[in-house]
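What the coordinates show
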Amino acid sequence: MTVPALQNSSVFYRRIISLFPQDISLAFAYGSAVFRQTGTSQGQVGKNMLDFIFAVDDPVTWHTMNLIENRKHYSLLKYLGPKRISNIQNDYGAGIYFNTLVPADDRVIKYGVISTDTLIDDLFHWKTLYVAGRLHKPVRILLQNDSGKLRAALVGNLKSAVIASFLMLPESFSEEDLFLQIAGLSYSGDFRMVIGEDKSKVSNIVKDNMPHFRKLYNNILQECPQVVYKPQQGRLEVDKSPEGQFTQLMALPRTLQQQITRLVDPPGKNRDVEEILLQVAQDPDCGSVVQQGISSIVKTSSITQSAKGIATAGLVKTVSYSVKKLQKMWRGWRRKPSQS
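Quick summary incoming for the structure in this document. (Residues numbered from 1 in each chain as written. Predicted model: local features only at pLDDT ≥ 70, side-chain atom pairs only at ≥ 80, totals over all residues. Heavy atoms only, no water.)

Below, the discussion takes up the layout of surface pockets. Considering only enclosed or pocket space, the second largest pocket measures out at about 150 Å³ in volume. Every residue along the wall of the second largest pocket is listed here: K159, S160, V162, I163, I220, E223, C224, P225 and A251. Of all the secondary structure elements, the ones that give two or more residues to the lining of the second largest pocket are α7 (148–168) and α10 (210–223). Residues belonging to the lining of the second largest pocket are distributed by class as follows: six nonpolar, one polar and two charged. (1 Å grid on protein atoms, 1.4 Å probe; cavity = no way out; pocket = protein on both sides within 12 Å on 5 of 7 lines; lining within 4 Å. Points joined across faces, edges and corners; volume = space filled by probe spheres on them. Helix = DSSP H or I, 4+ residues; strand = E, 2+ residues; numbered from the N terminus. Nonpolar A, V, L, I, M, F, W, Y, C, P; charged D, E, K, R; others polar.)

Shown next, in the form of structure tokens:
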């Protein structure tokens, strides 16, 4: 099974990709400049900053080439050289290095560079949920190599998002309920949702993009033995028995299981993970415990990556980027009374 490509890469996107070193295992564009969100006019979509993520096998070589071709994209950290930049990328925050407010082909873009191994680890295990969380939502895949491990990780990440959401939803729910839950996973615990993001962000992402979410998750829902999926009615029914919830908990990514274990198991008892998850499966607050586990992962990575972003962007770009985010939050706040 492969992750469905939502659209073919247009000439415009190919031109953007051509500006960078070509040793990229996965490139995708995401966000409000790629998929229109509720409350955003077509004109605004064309003006929004375009967001990209590039996964590369060898970050040192990639940054070496990029510093030659696109030195102006980097903050003062460029003077440290490609090896130190790669160390900063890999060792701090969520393992990704962003250059932001970059002019490219008459648009302004932001791009993040992550090592392929770090990406695969996050997709399988949700170590930070930073890039894995972005890939829970529709993205525009621009380039992908034929690595079976990367393909399996991309699909596994979507399956994990479905299973985690099942645990937090009631026995019967709508497609929209599911997609809202999935889209919200990577914002749960993110301090930027308190200040800097439109509070209706998750709803805005889902409401105008239901067909894209259906295309992304249809095969997984059809094949999942834990759910009765009725696409015609747009309804789903999930197994909420202790046995069903235990099966779902055992299928969660490793880091989330570890976080749940820390929340439930008092220090010093050192029970094994399976025993603890069996206890959680029988708890009426099972969904809440899963939610807390996800929040703890996202909170840590969102704070550390944002702190790193000040250094990688530079002070001037950080202030400019933050102002744009606050303006967006303000527009969302002003829209709310007219929508209610």
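All right, on to the pairing of strand β8 (residues 235–238) then. Each regular strand shows side chains that alternate between the opposite faces of the sheet. Judged by which residues are buried, β8 turns out to be one-sided: L236 and V238 face inward and are buried, whereas R235 and E237, on the alternate face, are not. Pairing of strand β7 (residues 227–230) with β8, which is carried by four bridges, proceeds in the antiparallel orientation. Looking at the pairing, V228 lines up with E237 of β8. The hairpin formed by β7 and β8 contains four residues between the paired strands, and G234 there has a positive phi angle of roughly 65°. (Buried < 20%, exposed > 50% of the residue type's maximum accessible area, 1.4 Å probe, protein only. Pairing = 2+ DSSP bridges.)

Read from one edge of the open sheet, five strands run β3-β4-β2-β1-β5, paired in mixed fashion. Each of the sheet's edge strands pairs with one partner strand only, and the pair in question is β3 (96–104) and β5 (140–144). Strand-to-strand twist across the sheet, computed as the mean angle between neighbouring axes with direction ignored, equals 20°. Summarising the sheet, strand β1 (residues 26–30) and β5 pair through four bridges and their orientation is antiparallel. Note on β5: the bridge partner recorded for A27 is L143. (Axes fitted to C-alpha atoms, helices over the stretch in contact; angles between N-to-C directions.)

Among all positions in helix α5 (residues 116–125), only T116, L119, I120, D122 and L123 are buried. One side of α5 holds all its buried residues, which, seen down the axis, span an arc of 160°. Where α5 is buried, its residues touch β1, β2 (50–56), β4 (107–115), α6 (130–134) and α7. Immediately beyond the C-terminal end of α5, within one or two residues, lies W126, with a positive phi of roughly 55°. (Arc of directions from axis to C-beta. Contact = heavy atoms within 4.5 Å.)

A few words on the sheet that holds β8. One open sheet accounts for three strands, arranged β6-β8-β7; its pairing is antiparallel. Each end of this open sheet is capped by a strand with a single partner; those strands are β6 (172–174) and β7. Taking each pair of neighbouring strands and ignoring which way they run, the sheet shows an average axis angle of 20°. Docked against the sheet, helix α8 (residues 175–184) engages β6, β7 and β8, running at close to 85° with respect to β6.

The next subject is the environment of I16. Inspection of the secondary structure puts I16 in helix α1 (residues 11–17). I16 gets classed as buried once you look at its relative accessible area, which sits at 0%. Sequence separation between I16 and I109 is 93 residues, and the spatial gap between their C-alpha atoms is 9.3 Å. Leaving out residues up to four positions away in the same chain, I16 has contacts with F52, A104, D105 and I109.

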